[in-house]
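Architecture at a glance
Chain by chain, the residues run as shown.
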Amino acid sequence: MSNDIPITDTLDPELVDHMARRTALRRGAAALLAAGAGSIGFAAMTRTAFAQEGAIPQQAVDVLNFALTLEYLEAEFYREGNDKDGLIPDNDKEIFETIGGHEDEHVKFLKETLGDKAVKKPKFDFTAGGTFDTFENYETFRLLAIAFEDTGVRAYKGQAIAQAAKPLLANPKLLTAALTIHSVEGRHAARVRQLLGFQAWIPMDFPEAPAPVKPVYATDKELADEVPSFDVKTTTKYGVDVAKVSEIKPKQITEAYDEPLGMDAVLKIAGMFIAS
Amino acid sequence: MSGTTPQGPLVIPRSGLGRRAFISGSTVSIAGLVIIGCGDDDDEPAGGDVGAENPEVTIDFADGDGAIANFAYALEQLEAAFYMTVNGSLPSGLDRDAKQTLEDIGAHEIAHRDHLKAILGKDAIPALEVNFEEIDFADKDSVLETARTFEDLGVSAYNGAAQFLSGDGPLGLAPLQLAGEIVSVEARHASAIRTLISGNNSGDFAPNAFDEARLPGEVLQMAAPFIKTKIALRNAPAQAAS
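Fair warning: this is a prediction, and the values are worked out from it, not measured in the lab. (Residues numbered from 1 in each chain as written. Chains lettered and ligands numbered in written order. Predicted model: local features only at pLDDT ≥ 70, side-chain atom pairs only at ≥ 80, totals over all residues. Heavy atoms only, no water.)

Between its terminal C-alpha atoms helix H5 (residues 90-114) of chain A stretches 37 Å, which fits the 36 Å expected from 25 residues at 1.5 Å a residue. Within two residues after H5 of chain A, glycine 115 of chain A carries a phi angle of roughly 55°, on the positive side. (Helix = DSSP H or I, 4+ residues; strand = E, 2+ residues; numbered from the N terminus. Expected span 1.5 Å × (residues − 1).)

In this model, tyrosine 238 of chain A sits at a positive phi of 55°, which is unusual for a non-glycine residue. In this structure, asparagine 54 of chain B is a non-glycine residue whose phi angle is positive, near 45°. Exposure remark for asparagine 54 of chain B: the relative accessible area of 65% places this residue in the exposed category. (Buried < 20%, exposed > 50% of the residue type's maximum accessible area, 1.4 Å probe, protein only.)

What follows concerns empty space enclosed by the protein. Residue and element names in this part refer to chain A. Taken as a whole, this structure holds seven cavities of 30 Å³ or more when the rule is applied. Taken as a whole, the largest cavity encloses approximately 120 Å³ of empty space. Forming the walls of the largest cavity are 16 residues, and the residues nearest its centre are Val63, Leu64, Ala67, Tyr156 and Ala178. Secondary structure elements with two or more residues in the lining of the largest cavity: helix H4 (58-83), H5, helix H6 (138-160) and helix H8 (172-195). (1 Å grid on protein atoms, 1.4 Å probe; cavity = no way out; pocket = protein on both sides within 12 Å on 5 of 7 lines; lining within 4 Å. Points joined across faces, edges and corners; volume = space filled by probe spheres on them.)

Moving on, we get to the side chain of threonine 151 of chain A. Relative to the helices and strands, threonine 151 of chain A resides in helix H6. If we skip the residues at most four places from it in the chain, threonine 151 of chain A touches Val216, Val266 and Ile269 of chain A. (Contact = heavy atoms within 4.5 Å.)

Residues and elements named next belong to chain B. At their nearest, the axes of helix H2 (residues 65-88) and helix H4 (residues 140-161) sit 11 Å apart, and the two run at 165° to each other. Here H2 lies roughly antiparallel to H4, going by the angle between them. Crossing handedness for the pair H2 and H4: left-handed. Here H2 contributes Ile68, Ala72, Leu75, Glu76, Leu78, Glu79, Phe82, Tyr83 and Val86 to the contact with H4, which in turn contributes Val143, Thr146, Ala147, Phe150, Glu151, Ala157, Tyr158 and Ala161. (Axes fitted to C-alpha atoms, helices over the stretch in contact; angles between N-to-C directions. Parallel < 35°, antiparallel > 145°, perpendicular 65-115°, else oblique. Left-handed = near helix turned anticlockwise from the far one by under 90°.)

Moving on, we come to the sheet that holds strand E3 (residues 231-236) of chain B. Residues and elements named next belong to chain B. Sheet architecture is open: three strands sit in the order E1-E3-E2, paired in mixed fashion. Among the strands making up the open sheet, the edge pair consists of strand E1 (48-51) and strand E2 (57-60). On average, each strand axis in the sheet is tilted by 15° relative to the strand beside it, whichever way the strands run. As paired strands, E1 and E3 are joined by three bridges and run antiparallel to one another. Bridge pairing links valine 50 to leucine 233 in E3. (Pairing = 2+ DSSP bridges.)

This brings us to the packing of helix H3 (residues 96-120) of chain B against helix H5 (residues 174-198) of chain B. Residue and element names in this part refer to chain B. Here H3 crosses H5 at 160°, and the two axes come no closer than 11 Å. With respect to each other, H3 and H5 are oriented roughly antiparallel. Note that H3 runs across H5; the crossing there is left-handed. Every residue of H5 that contacts H3 at Ala98, Thr101, Leu102, Ile105, His108, Glu109, His112, His115, Leu116 and Ile119 is listed here: Leu178, Ile182, Val185, Glu186, His189, Ala192, Ile193 and Leu196. Here the residues of the contact of H3 with H5 are counted per class, giving 11 nonpolar, five polar and two charged. (Nonpolar A, V, L, I, M, F, W, Y, C, P; charged D, E, K, R; others polar.)

Moving on, we come to the pairing of E3 of chain B. Residue and element names in this part refer to chain B. Burial analysis of E3 places five of its six residues in the buried class, the great majority of the element. Sheet analysis places E2 next to E3, joined by four bridges and oriented parallel. Bridge pairing links isoleucine 59 to leucine 233 in E3.

On to the interface of chain A and chain B, then. Chain A puts 62 residues into the contact, and the matching count from chain B is 56 residues. When the buried surface of chain A facing chain B is broken down by residue, Arg187, Trp201 and Tyr238 of chain A rank first, second and third, together holding 18% of it. Where chain A meets chain B, there are six salt bridges. A salt bridge links arginine 188 of chain B to aspartate 150 of chain A; its shortest N-O distance comes to 2.7 Å. Remark: the boundary between chain A and chain B carries 34 residue pairs in polar contact (both at pLDDT 80 or more). Of all elements in the fold, only H5, H6, helix H7 (165-169), H8, helix H11 (242-245) and helix H12 (250-255) of chain A reach the threshold of two or more residues within the side of chain A that touches chain B. The dominant element in the side of chain A that touches chain B, judged by the number of residues it contributes, is H8 of chain A, at 18 residues. When grouped by side-chain class, the residues that make up the side of chain A that touches chain B number 30 nonpolar, 16 polar and 16 charged. (Buried area = accessible area lost by both parts, 1.4 Å probe. Salt bridge = Lys/Arg side-chain N within 4 Å of Asp/Glu carboxyl O. Polar contact = N/O pair within 3.5 Å; in protein donor to acceptor, adjacent residues only side chain to side chain.)

This is how it looks when you write it as structure tokens:
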């Protein structure tokens, strides 16, 4: 990785933690849960995955609104970044235009899927109250892109397990649609990680991760309590120590799996950037 | 297993083999493989009984989550064998980062393979024999194009199979969780390989806002040219679950 990431040098981890817990987070969470109850029709579906009439159960609505909030965040982040003169060097422009375009499509798809149950777009502050020089410093911008993409990968997965999976498994078309977004986030994550010199995959607990983005790679203990089979960045997976059945180095074993992150942990990260 | 629609013995001629785009018209020697079921070029579902006649290995989707794990195990075997061959004798023209990428990916696929085998235990299908005759391992482009094909296929296979996991088997949601943990790493692989092919400035690492989700029968048809062992799927889902 690069030797100097300016914000790591200047930022107190405790401050970041504090930012994450401030009221903006709670407002974000409240907005997320504000989706009304009941079911909706699929009249506005544009994708064949949803070419059926049906209803989305409330728990799935919550999951989709959670996803929509993250996609709003990503889409706006890239839109602002792509629009900012002089931020992204010419060589990397196509990368971020591609990613931004995808996030816009994810937003559109989720909004259409949710119809009038879709949460409104929050007001974002990508400086997190002046903490980050996000659109002034290309290194900061790339670092936040990594954090958002790796969070997105883990967040979608977090909703595919635990209780949330029940409504999704009961709605296979929703599950598949979510997965086809999830893997695209994985492609994005790999590419933006490489832009700062990281490997495309996440080793162990990613010790090189700068302080502000540490929570993106932390063990989600609450989720681990809820899901007995869930281990974060150990070589033991689903009761099998892969290091014992495979000749592969432990570091590479941990890279081979992307762990989930639960809703609370994700909102703590995203909440830093939700102004209202 | 909602969505499972046994199609009966739909034997189609050898000319219906595989996907046009995949083998691009070349004469592929596929030891004894006959596709039973359907091509996807005419929009027929790739479900029911798919694969070889007189198979050496049969995966029956009526068995539930274990069948999907075995299906994943077959694909991981294929990928692991491919990268072991690649890394055993790398083509020229790869820089240090590219070599490291291929080594890491190979290691991940071996971990997936060995892990799935251990989870399946006595239910695991046997080791598969592969057929890499069409791959020029001395040619960087051939290697990377094949890698891209396998990684994109792997992503679409997990994306398409997850919906058929029951979630209430003896392992509960663990199979879905595991599939989710693996598929995004396959997507990272696909991204990295595509960048090796298309260059650092390209947006080709993620060609679409939504990845594909392929049914197991379709995935087998695309993978079959690279697998010598005769594999058949029974009761493969013919359409997306609903």
